[in-house]
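A look at the structure
Each chain is listed here by its residues.
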Amino acid sequence: MSLLSPRLQLRVAQKQILTPGLVQMVTVLQLNRLELKEMISQEIALNPVLEEIAEAGDELTPEEVQAILESERVAEPADQSILEAANGAAEAGEPSADLEVEPEPVDYATGGAPPVEIAEPGIIEQKPAADPFEEIDFGSFFDDYLDPGYKSPSSESVDKPSFETFLSAPVTLADHLHSQLAIEILSDPVRDAAEAIIGNLDDNGYLLSSLEDLALSEEHTLEQMQEALKIVQSVDPAGIAARDMRECLLLQIEAQNGRGGVAWQIISDHMKLLETRQFRELAKVLGRPVEHIHTAVNMIRHLDPRPGLRFSGPDARPVEPDVYITKDGDDYLIQLNDEDIPQLRLSAQYRRMLDREQEPSKEVRNYVKERYASALQLMKNIEQRKQTILKVCQSIVRRQPEFLEQGIDQLKPMMIKEVAEEIGVHPSTVSRAVAGKYAHTPQGVFELRYFFSEAVQGPSGGATPLLILKRRVKKMIEEEDPRQPLTDEQITLRLQTEGIQVTRRTVAKYREDMKIPSTHQRRLRE
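Figured I'd write up the structure that's included with this text. (Residues numbered from 1 in each chain as written. Predicted model: local features only at pLDDT ≥ 70, side-chain atom pairs only at ≥ 80, totals over all residues. Heavy atoms only, no water.)

1. Considering the overall build of the protein chain
We count it as follows: What counts as a helix is a DSSP run of H or I of at least four residues, what counts as a strand is a run of E of at least two, and both are numbered from the N terminus. Think of it in three bands: residues with accessible area under 20% of the maximum for their type are buried, residues over 50% are exposed, and the middle band is partly exposed, with areas taken using a 1.4 Å probe on protein chains only. For this analysis, residues touch if any pair of their heavy atoms sits within 4.5 Å. For the accessible areas, the method is Shrake-Rupley and the probe is 1.4 Å, while residue cover comes only from the protein chains on display.
Each helix and strand counted, the protein chain has 23 helices and six strands in total. Within the protein chain, the proportion of its 526 residues that are buried is 31%. For the protein chain, contacts bridging at least 24 residues in sequence account for 64% of all contacts bridging at least 6. With the model as given, the accessible surface of the protein chain reaches about 35700 Å², and the carbon-plus-sulfur share is 51%.

Written as structure tokens, this is what we have:
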């Protein structure tokens, strides 16, 4: 008997299946204000039954749409009595409100009298008196007396330039370098080699590829690539097209006519002593007074190790608050920022397509019904997003009154799990609700995730979030004596005396996260 015989088995399993509506709800929840605005605009373009509310008019409520979507299942529609009454009135000869009667034409030339309007009894129509200023043709007045001269007819029909032509575009690093190379007198091979070097610069302005690889790939000689590199390194900004930081700093010093000076010697031969701030050792090695070393170090501090970043750095990300938290008396008002976000409504024009008598095609009815269901689901998800964000912000206001009154130093520990339990949702829902969203508070604009921070252990540390602890560590280091900087162990002891139980490794980790050098590197040596 074969062991691989087919067989049937019954198995009970529990699976979590995300419906398309649930997937959309999760997606809409984590969008910030700008992303939501873009998403709604795309949905309006794709779904014909969705409209943006521009003026007051007929619109369908979700309850009406739900009744429409369910009308296909009912043998006798809910408005059958209205239709029968309308049909009975038409058979009795009553004029319909939508019926327009075309008047018979009258020939006034054969003696027909013009129609006379008869007002209802007791009603006297009074026409407003004509304003004498309205009878003046101011256009011809200015044309006659303020004629600026001859205008050609074609000049009045010329299309105006687009507004986009007045918008400034950011200048990239490649554009800045190309504009300078355009005025250089170069041979074609060297110019092509320089173009290849510019194309291989990273955002910081460093040359990523070696000259040998570029010469091989661009079919140039090594001498041409070296000549092109010197030309690119001679243009603005100084330090561009360097292969490492040492060469970048040396190029900047050379641009300031400092070749061979103290700063040049320090960068060229004694970079390690500079990193460890051993100024006395540098003075001894170079045979210079300590004052000269300090002057050279001060000059080096003003050099830019990433000269290309100001041209090719990341653009500023626009931040618009999703929520406004303002104080009104003793209470705080929470208002969602809905400005410029399209307000949706369901189009009433497609309603007749759901009627079997007016739209006999079943495919069309099914398509319209599907679009109505999709639009209704989107509107529900947008409203659900709004309510979830408002509930989260209400919980933040209840838990952080000291922060709203006094500032960052009064921020209290708050976990996402605690807020989720308070408003009755899953922690992942709260995490999506605060992701990438900002709140305008009396203390400034903050990201909603900024308010969530883990508490530190200890008697008084239980009321101290990690963010405030890092601020304390940074403040201690800023106030230390540079000749005798605090060690991680000393910072740990100070925090423990304040009731915050942390270890030395934790303090070292926080210091590294804030990119603060170690004690040895911070020590100022005379």
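2. What about the nonpolar core?
Side chains of nonpolar character tend, in soluble globular proteins, to be buried together. For clarity, the threshold we go by: By nonpolar core is meant a set of buried Ala, Val, Leu, Ile, Met, Phe, Trp, Tyr and Cys residues that side-chain atoms within 4.5 Å join together.
Formed by 27 residues in total, the largest nonpolar core has its most connected members in Val323, Val392, Ile396, Val430, Leu448, Phe451 and Phe452. Within the residue set of this core, elements represented by two or more residues are β2 (323-328), β3 (331-336), α16 (362-399), α17 (401-406), α18 (416-423) and α19 (427-434). Among the elements that line this core, the one with the most residues is α16, at six residues. Among residues more than four places away in sequence, those in contact with Phe451 are Ile396, Gln400, Phe403, Leu411, Lys412, Met414, Thr441 and Phe446. By size, the runner-up hydrophobic cluster in this structure holds 23 residues, among which are Val190, Leu207, Val235 and Phe311.

3. What to know about unusual backbone geometry
Residues Asp236 and Pro237 are joined by a peptide bond in cis, for which omega reads 0°. By the element assignment, Pro237 lies in the loop between α9 (222-233) and α10 (245-255). Of note in the backbone geometry, Glu219 takes a positive phi value of approximately 60° without being a glycine.

4. With respect to helix α22 (residues 504-513)
Along an α-helix, residues three or four positions apart point the same way, because every turn accommodates 3.6 residues. We apply this condition: The directions from the helix axis to the C-beta atoms are what the arc is built from.
Looking only at α22, the buried set comprises Val507, Ala508, Tyr510 and Arg511. Angularly, the buried residues of α22 cover 160° about the axis, an arc narrow enough to put them on a single face. What points out from α22, more than 90 degrees from its buried face, is the exposed set Arg505 and Glu512. Against the buried residues of α22 lie α20 (466-478), α21 (488-497) and α23 (519-522). Count one or two residues on from α22 and you reach Lys515, which has phi positive near 60°.

5. Describing helix α13 (residues 279-286)
All of the buried residues in α13 are Phe279, Leu282, Ala283 and Leu286. In an axial view of α13, the angular spread of the buried residues amounts to 100°, which keeps them on one side of the axis. Opposite its buried face, α13 presents the exposed residues Arg280 and Lys284, each directed more than 90 degrees away. For α13, the secondary structure elements touched by its buried residues are α11 (262-269), α12 (271-275) and α14 (290-301). Note on α13: the residue one or two positions beyond its end, Gly287, has a positive phi of about 70°.

6. Concerning the packing of aromatic side chains
Defined as follows: A pair of Phe, Tyr and Trp rings is counted when the ring centres sit within 6.5 Å of each other, with Trp represented by its six-membered ring. The angle between the planes then sorts it: under 30 degrees is stacked, over 60 is edge-to-face, the rest tilted.
Tallied over the entire structure, the rule returns five aromatic pairs. Arranged with centres 6.3 Å apart and planes meeting at 85°, the rings of Tyr450 and Phe451 form a pair that is edge-to-face. Judged by its relative accessible area of 24%, Tyr450 is partly exposed. Cluster of aromatic residues (ring-pair linked, three or more members): Phe403, Phe446, Tyr450 and Phe451.

7. Let's talk about the packing of helix α1 (residues 20-29) against α16
Inclusion rule: Between N-to-C directions, angles span 0 to 180 degrees; the directions come from axes that are lines fitted to C-alpha atoms, helices contributing only their stretch in contact. Angles below 35 degrees are treated as roughly parallel, those above 145 as roughly antiparallel, those between 65 and 115 as roughly perpendicular, and all remaining angles as oblique. Working rule for handedness: look at the near helix, and if it is turned counterclockwise from the far one by less than a right angle, call the crossing left-handed; if clockwise, right-handed. In the scheme used here, Gly and all other residues not listed as nonpolar or charged are polar, with Ala, Val, Leu, Ile, Met, Phe, Trp, Tyr, Cys and Pro taken as nonpolar and Asp, Glu, Lys and Arg as charged.
Closest axis-to-axis distance for the α1/α16 pair is 9 Å, and the angle between their directions is 45°. By the angle between their directions, the pair α1 and α16 is classed as oblique. Of the two elements, α1 crosses α16, and the hand of that crossing is right-handed. Residues Gly21, Gln24, Met25, Val28 and Leu29 of α1 touch α16, and the partners they reach there are Gln377, Leu378, Asn381, Ile382, Gln384, Arg385 and Thr388. Of the residues assigned to the contact of α1 with α16, the class counts are five nonpolar, six polar and one charged.

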